[in-house]
Amino acid sequence: MTRNLITPAQNTWCPGCGNFSIQHTLKDILAVREKEGSSLDNVVLVSGIGCHAKIADYLNINTVYTLHGRTIPVATGLKLANPDLTVICCAGDGDAYAEGLDHLIFAAKRNIDITMIVHNNRVYGLTTGQYTPTSPLGFKGKSTPAGTAEYPFNPLELMLASGATYIARGYTKKIPQLAQLIRQGIAHHGFAFIDILQICASFFNMTEYYQSRVYDLSGHDTGDFGMACAKAREWDYNRDAPIALGVFYEKSFPTFDERLFVQNLTPDERAHRIRDLFEAAK
Ligand code: SF4
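Rules of the game
- Residues numbered from 1 in each chain as written.
- Predicted model: local features only at pLDDT ≥ 70, side-chain atom pairs only at ≥ 80, totals over all residues.
- Heavy atoms only, no water.
- Helix = DSSP H or I, 4+ residues; strand = E, 2+ residues; numbered from the N terminus.
- Rg over C-alpha atoms; globule rule 2.2 N^0.38 Å.
- Buried < 20%, exposed > 50% of the residue type's maximum accessible area, 1.4 Å probe, protein only.
- Axes fitted to C-alpha atoms, helices over the stretch in contact; angles between N-to-C directions.
- Parallel < 35°, antiparallel > 145°, perpendicular 65-115°, else oblique.
- Left-handed = near helix turned anticlockwise from the far one by under 90°.
- Contact = heavy atoms within 4.5 Å.
- Phe/Tyr/Trp six-rings, centres within 6.5 Å; stacked < 30°, edge-to-face > 60°.
- Lys NZ or Arg CZ within 6 Å of the ring centre and 35° of its normal.
- Polar contact = N/O pair within 3.5 Å; in protein donor to acceptor, adjacent residues only side chain to side chain.
- Core = buried A, V, L, I, M, F, W, Y, C linked by side-chain atoms within 4.5 Å.
- Pairing = 2+ DSSP bridges.
- Domains from an automatic or database assignment.
- Buried area = accessible area lost by both parts, 1.4 Å probe.
- Salt bridge = Lys/Arg side-chain N within 4 Å of Asp/Glu carboxyl O.
- Nonpolar A, V, L, I, M, F, W, Y, C, P; charged D, E, K, R; others polar.

Draft legend 1. Representation of the overall build of the chain. Scanning the chain from terminus to terminus reveals 11 helices and 8 strands. Rg of the C-alpha trace for the chain: 19 Å, near the compact-globule value of 19 Å for 282 residues, within the 12% margin. Once the C-alpha set of the chain is aligned to its principal axes, its extents read approximately 60 × 45 × 35 Å. Within the chain, buried positions represent 51% of all 282 residues.

Following this line, the structure appears as structure tokens:
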């Protein structure tokens, strides 16, 4: 018998919140996985702190509700303790790009085999509207009534520079594409990073802005690093420019977990094994 993947917990997200799209997309992906015979007992979802994090209460699977910015260290520990697990992180933009930024960079550098989903609403929604690292220049919120003087950074460029092996951007109002990006990210062997432009209906509703700018990247060569950089720079989270959605970059590369699990070998055997892994990925 398949289980109900939505828990009975009272849902306190605001009406129109993009978190619903991510929750239901994940639910549908997991339901198909279960129907196809893969047990959901091997799936763990790790969330941080913020509106997004309540997904850990609302999805009826194994979940860990962690500290602010600490999804990746917990997910890394889970994966190393049990490499058979499918580990999915859900983090907010404050979580992933502020408090947890160093963890994000090192997860990409190591290529740990986990999936990182960033609910990027470009505002601290749970605390009622302060600016985050991806809020645009001049954003007026509770902590910046005269407008932020900071320029946003571009997480896709950062992930390209840090070594992530699957880099994609989705949007909570393009659900079929979002489902495809998350499904591919979970199937990817290595660090999969999916930045999702998520609507915050209450404190930064960008629906009109995104609707008039997003386009589908299909046809783009996902193995071309230079082109991925150019596409990532096309829209820098601040300018008025077309916003590409889809997979920007993908490559095969040995993962941190497979490189680490050679402890029973002699130092020479271990060095050879690691070299072989890199050779095989060329
Ligand atoms: Fe969603 Fe924004 Fe409401 Fe948080 S504050 S639940 S992100 S709409």
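Draft legend 2. Looking closely at the packing of helix H1 (residues 19-35) against helix H7 (residues 175-187). Interaxial distance between H1 and H7 falls to 10 Å at its minimum, and their mutual angle equals 55°. Considering their axes alone, H1 and H7 lie oblique with respect to each other. Taken as a pair, H1 and H7 cross one another with a handedness that is right-handed. Contacts between H1 and H7 involve Ser21, Ile22, Thr25, Leu26, Ile29 and Arg33 on the former and, on the latter, Ile175, Leu178, Ala179, Ile182, Arg183 and Ile186.

Draft legend 3. Quick peek at the packing of aromatic side chains. Scanning the entire structure with this criterion turns up 11 aromatic pairs. Taken together, a centroid distance of 4.9 Å and an interplanar angle of 85° make the contact between Trp13 and Tyr58 edge-to-face. In this pair, Trp13 is assigned in the segment before H1 and Tyr58 in helix H2 (residues 55-58), connecting sequence segments 45 residues apart. The buried category is assigned to Tyr58, whose relative accessible area is 4%. The interplanar angle of 90° and the centroid separation of 6.3 Å between the aromatic rings of Tyr210 and Trp235 together place this pair among those described as edge-to-face. One end of the pair, Tyr210, is in helix H8 (residues 207-211); the other, Trp235, is in the loop between helix H9 (225-234) and strand E8 (243-250), and 25 residues separate them in sequence. Note on Trp235: relative accessible area 1%, which makes it buried. Among the aromatic residues, those joined into a cluster by ring pairs are Tyr171, Tyr209, Tyr210, Trp235 and Tyr237. Its end group placed over the ring of Phe256, Arg110 keeps NZ or CZ at 5.3 Å from the ring centre.

Draft legend 4. Structural context of the environment of Thr165. Take Thr165: it is sitting in the loop between helix H6 (155-162) and strand E5 (166-171). Residue Thr165 is classed as buried on the basis of its relative accessible area, which comes to 0%. Measuring from C-alpha to C-alpha, the distance between Thr165 and Tyr249 comes to 7.0 Å, with 84 residues separating the pair along the chain.

Draft legend 5. Spatial organisation of the side chain of Ser21. Assignment of secondary structure puts Ser21 in helix H1. For Ser21, a relative accessible area of 14% gives the class buried. From its side chain, Ser21 meets the backbone oxygen of Thr172 in a polar contact 3.0 Å long. With residues near it in sequence (within four places) discarded, Ser21 still touches Thr172 and Ile175.

Draft legend 6. Looking closely at the nonpolar core. Of all hydrophobic cores here, the largest spans 48 residues; its most connected members are Met116, Ile167, Phe191, Phe193 and Tyr210. In contact with Ile167, other than residues within four places in its own chain, are Leu156, Met159, Leu160, Phe193, Gly246, Val247, Phe248 and Tyr249. One finds Cys17, Ile29, Cys90 and Ile117 within the second-largest nonpolar core, a separate group that totals 27 residues.

Draft legend 7. Structural view of the pairing of strand E3 (residues 86-92). Within E3, 7 of the 7 residues are buried, which leaves the element mostly enclosed by the surrounding structure. Across the two faces of E3 the burial is the same, with Thr86, Ile88, Cys90 and Gly92 and Val87, Cys89 and Ala91 all buried. In the sheet, strand E1 (residues 43-47) pairs with E3 via 5 bridges, with the strands oriented parallel. Looking across to E3, one finds that Val43 is bridged to Thr86. Here 5 bridges tie E3 to strand E4 (residues 115-120), and the two strands are oriented parallel to one another. The residue of E4 that forms the bridge with Ala91 is Val118.

Draft legend 8. A look at the domain arrangement of the chain. With domains assigned, the chain is organised as domain 1 (19-250) and domain 2 (252-282). If you average the C-alpha positions of domain 1 and of domain 2, the two centres end up 29 Å apart. Of the residues lining the interface, 10 residues belong to domain 1; the matching set on domain 2 comes to 9 residues. Across the domain 1 to domain 2 interface the summed buried area is about 830 Å²; carbon plus sulfur atoms make up 64%. On inspection of domain 1 and its partner domain 2, the count reaches 0 salt bridges. The tally of links between domain 1 and domain 2 comes to 7 residue pairs in polar contact (both at pLDDT 80 or more). Along the lines of polarity and charge, the residues of the side of domain 1 that touches domain 2 split into 3 nonpolar, 4 polar and 3 charged.

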